[in-house]
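Single-letter residue listing:
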Amino acid sequence: MSEPAIDRQRLSINQIVKSQLDVAADLIGLDESMRLLLRMPFRSVSVEVPVRMDDGRLEVFRGYRIQHNGARGPTKGGVRYHPEADEEEVLGLATTMTWKTALLDIPFGGAKGGIQVDARALSQRELEGVTRQFTRRIALLLGPYRDIPAPDMNTNQQVMAWMLDEYSAKYGYTPAAVTGKPIALGGSLGREEATARGALFIMRDYSRDTGVPLKGGRVVIQGFGNVGAHLGLFLYEEGAKVIAVSDAEGGLHNKNGLDMPALFQHAYKEHKSVWDFDGGDHITNEELLDMPCEWLIPAALGSVITKEKHAKTLDCKVIVEAANSPTTPIADKELEARGIQVLPDFLVNAGGVVVSYFEWTQNLQQEPWTLEQVNRSLRNKMTQAYDIVRHMAEERGVPWRTAALAIALERVAEAEALRGGR
Ligand code: GLU
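In this text the structure is predicted, and so the values were computed from the model without any measurement. (Residues numbered from 1 in each chain as written. Predicted model: local features only at pLDDT ≥ 70, side-chain atom pairs only at ≥ 80, totals over all residues. Heavy atoms only, no water.)

Engineer: Please clarify how the overall build of the protein should be interpreted in this entry.
Structural biologist: From N to C terminus, the protein includes 14 helices and 12 strands. Computed over C-alpha atoms, the radius of gyration of the protein comes to 20 Å, within 12% of the 22 Å expected from 2.2 N^0.38 for 422 residues, which places it in the range of a compact globule. In terms of overall dimensions, the protein has C-alpha extents of about 55 × 55 × 45 Å along its principal axes. Expressed as a percentage of the 422 residues in the protein, the buried residues total 61%. At a minimum sequence separation of 6, the contacts of the protein that also span at least 24 residues come to 71%. Entry remark: accessible area of the protein is about 16700 Å², with carbon and sulfur atoms responsible for 49%. Looking at charge distribution, the protein has the averaged site of its 48 positive side-chain charges lying 4 Å from that of its 56 negative ones. (Helix = DSSP H or I, 4+ residues; strand = E, 2+ residues; numbered from the N terminus. Rg over C-alpha atoms; globule rule 2.2 N^0.38 Å. Buried < 20%, exposed > 50% of the residue type's maximum accessible area, 1.4 Å probe, protein only. Contact = heavy atoms within 4.5 Å. Areas by Shrake-Rupley, 256 points an atom, 1.4 Å probe, with all protein chains shown as cover. Lys, Arg positive; Asp, Glu negative; His and termini not counted. Charge placed at Lys NZ, Arg CZ, Asp CG, Glu CD.)

Engineer: Looking at this structure, how should I read the site of the ligand?
Structural biologist: Around the ligand lies a shell of 13 residues, among which Lys 76, Lys 100, Pro 151, Asp 152 and Ser 356 are the nearest. Measuring from an oxygen atom of the ligand, one finds a side-chain N or O atom of Lys 112 at 2.9 Å. Here an oxygen atom of the ligand sits 3.1 Å away from a polar atom, N or O, in the side chain of Arg 191. About the coverage of the ligand: the protein hides 95% of its 290 Å² of free accessible area. Mapped onto the shell around the ligand, the elements with two or more residues apiece are strand S3 (75–81), helix H3 (87–103), strand S5 (147–151) and helix H12 (351–365). Its residues assigned to classes, the shell around the ligand comprises four nonpolar, four polar and five charged. (Near = heavy atom within 4 Å. Polar contact = N/O pair within 3.5 Å; in protein donor to acceptor, adjacent residues only side chain to side chain. Nonpolar A, V, L, I, M, F, W, Y, C, P; charged D, E, K, R; others polar.)

Engineer: Any chance you could explain the sheet that holds strand S8 (residues 250–253) here in plain terms?
Structural biologist: Sheet strands associate in pairs through backbone hydrogen bonding, adopting either a parallel or an antiparallel arrangement. If you walk across this open sheet you meet the seven strands as S9-S8-S7-S6-S10-S11-S12, and the pairing is mixed. Edge positions in the sheet fall to strand S9 (281–283) and strand S12 (341–343), since each has one partner strand and no second. Here the average twist between neighbouring strands, direction ignored, is 20 degrees. Here two bridges tie strand S10 (residues 295–298) to strand S11 (residues 318–320), and the two strands are oriented parallel to one another. (Pairing = 2+ DSSP bridges. Axes fitted to C-alpha atoms, helices over the stretch in contact; angles between N-to-C directions.)

Engineer: Got a minute to help me understand the sheet that holds strand S1 (residues 43–52) in this structure?
Structural biologist: Strand order in the open sheet formed by five strands is S1-S2-S4-S3-S5, and the pairing between neighbours is mixed. Only two strands of the sheet have a single partner each, and these edge strands are S1 and S5. Within this sheet the neighbouring strands show an average axis-to-axis angle of 20 degrees, counted without direction. Pairing geometry for S1 and strand S2 (residues 58–69), over 10 bridges, is antiparallel. Within the sheet, the bridge partner assigned to Ser 44 lies in S2 and is Ile 66. In this fold H3 packs onto S1, S2, S3 and strand S4 (109–115), with an angle of close to 150 degrees to the strand it touches most, S4. Where helix H5 (residues 157–171) meets the sheet, it contacts S3 and S5, and its direction lies at approximately 150 degrees from that of S5.

Engineer: For this particular structure, what's the right way to read the pairing of S8?
Structural biologist: The two faces of the sheet receive side chains in turn, since in a regular strand these alternate between them. By the bridge criterion, four bridges tie strand S7 (residues 241–247) to S8 in an arrangement that is antiparallel. Each bridged residue has a counterpart across the sheet, and for Asp 247 the counterpart in S8 is Gly 250. Two strands pair when backbone bridges link them, and S8 and S9 are joined in this way by three bridges, in the antiparallel orientation. Bridge assignment links Gly 251 to a residue of S9, and that residue is Ile 283.

Engineer: Whenever I open this one, unusual backbone geometry confuses me. Can you help?
Structural biologist: The general pattern is negative phi for most residues beyond glycine and trans for most peptide bonds. For Ser 325, which is not glycine, the phi dihedral falls at a positive 50 degrees. Take Ser 325: it is sitting in the loop between S11 and helix H10 (329–337). Not every positive phi belongs to a glycine, and Gln 366 is a case in point at roughly 50 degrees. Residue placement: Gln 366 occurs in the loop between H12 and helix H13 (371–396). Taking the relative accessible area as the measure of exposure, Gln 366 reaches 70% and is therefore exposed.

Engineer: Can you walk me through a nonpolar patch on the surface in this structure?
Structural biologist: A cluster of nonpolar side chains, contributed by Ile 183, Leu 189 and Leu 371, occupies part of the molecular surface with about 240 Å² of accessible area. As for its position among the elements, Leu 371 is in helix H13. (Patch = residues over 30% accessible without salt bridge, like charges linked within 9 Å, V, L, I, M, F, W, Y side chains within 5 Å. Salt bridge = Lys/Arg side-chain N within 4 Å of Asp/Glu carboxyl O.)

Engineer: How do you make sense of the packing of helix H1 (residues 13–28) against helix H14 (residues 400–419) when you look at a structure like this?
Structural biologist: Angle between the axes and distance between the axes are the two parameters that describe a pair of packed helices. It is the contact of H1 with H14, at a shortest axis distance of 8 Å, that shows an interaxial angle of 70 degrees. When the interaxial angle is binned, H1 and H14 end up roughly perpendicular. For the pair H1 and H14, the contacting residues are Gln 20, Leu 21, Val 23, Ala 24, Ala 25, Leu 27 and Ile 28 in the first and Arg 401, Thr 402, Leu 405, Ala 406, Leu 409 and Glu 410 in the second. (Parallel < 35°, antiparallel > 145°, perpendicular 65-115°, else oblique.)

Engineer: It is not clear to me how the packing of aromatic side chains should be interpreted in this structure. Could you clarify?
Structural biologist: The description of an aromatic ring pair uses the distance of the two centres, along with the angle that the planes make with each other. Under the definition given, this model contains 11 aromatic pairs. Taken together, a centroid distance of 6.3 Å and an interplanar angle of 40 degrees make the contact between Tyr 357 and Trp 360 tilted. With a gap of three residues between them, Tyr 357 and Trp 360 both fall in helix H12, about one helical turn apart. Grouped by ring-pair contacts, the aromatic residues Phe 108, Tyr 145, Tyr 357, Phe 358, Trp 360 and Trp 369 constitute a single cluster. (Phe/Tyr/Trp six-rings, centres within 6.5 Å; stacked < 30°, edge-to-face > 60°.)

Engineer: So what exactly am I meant to see when it comes to the side chain of Thr 306 here?
Structural biologist: With respect to the helices and strands, Thr 306 occurs in the loop between S10 and S11. Of the polar contacts made by the side chain of Thr 306, one reaches the backbone nitrogen of Lys 309; its length is 2.9 Å.

Below is the structure:
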């Protein structure tokens, strides 16, 4: 297993997000003061996260909670545990959450949290310690009408349960303070697979409108976390051929299509690497991105499709951005020139926060929804956003990302202006 981890150019997510903002702001003629306001986070907090490790040593990690904009509602966004989750990355992701919630028209602003830690190296006890210490230090920023965390990379329902427990110890039982919780603690049916299901709805709509086939279509997925694994399974059920997948260890290829139910069990349920799965040939993450296919789905880290790498060589019809900011702005231009469609991250991967919104409303109203109700409402939300983005892109003759961002920006700017008082 000498496969290198995903190789990336050093453009930060925040740099990517900022440069995209300017393009969309120009399109709608956004004034300079609003641009100034939206480039900066409302509040950015950095905390120490001390934890007693299993061997008795004290380790101190760095944690962040950044609230980008709350004009449209309480700020909302996940918490990721990753060595690269520094202030710059978390700010870029918090900003993306502002666009995501605005585009999907849910009553939230954008925030993100992160701890700079290699979660895979932590024991369950250490993970709990990190989570509790972090939550204690940011609890004063949180609340169902202030800022609501959720899972993101390397965090899950259990992590949310600990966060809720810490928050409730301080402020009393408040299920709406955290989303992505276990069902037994007030979580929503369908939340765990919501991001992947939302992406599937976007792909279905796009396939119907353009003829790029889902049934029999070749799919390549980079990343096998919550989103990559669930989406791979859904696409298999849809009749697509998932010909390659990868995780940080490396990738697996089978031109006849991988056995996704078995791979899902092996890698997602049993937490093993896709690399160890017997059912395909080994490939590197770099080879994977250039594999000929109809649908290329980056579902791991940011900045993996760059001017230098893959923008000229990848060989798909559509890039479905399940990850946040996988494509750099210059790569975007190259892809546009090559006629490769890019379905942007804050449209494609919005399903998670949409169902977080449903979870929050279920908690506030103290009335659980059925899975059918959750999935139907998710489909409506995703399809509405898909339709307006497509319409705007066609009407203005701009890439989908620019169109989506312009719509989101207009909504946030309107709310900011109506609140006034700056
Ligand atoms: N972490 C997910 C995202 O980036 C979900 C956020 C949420 O549910 O608040 O969209």
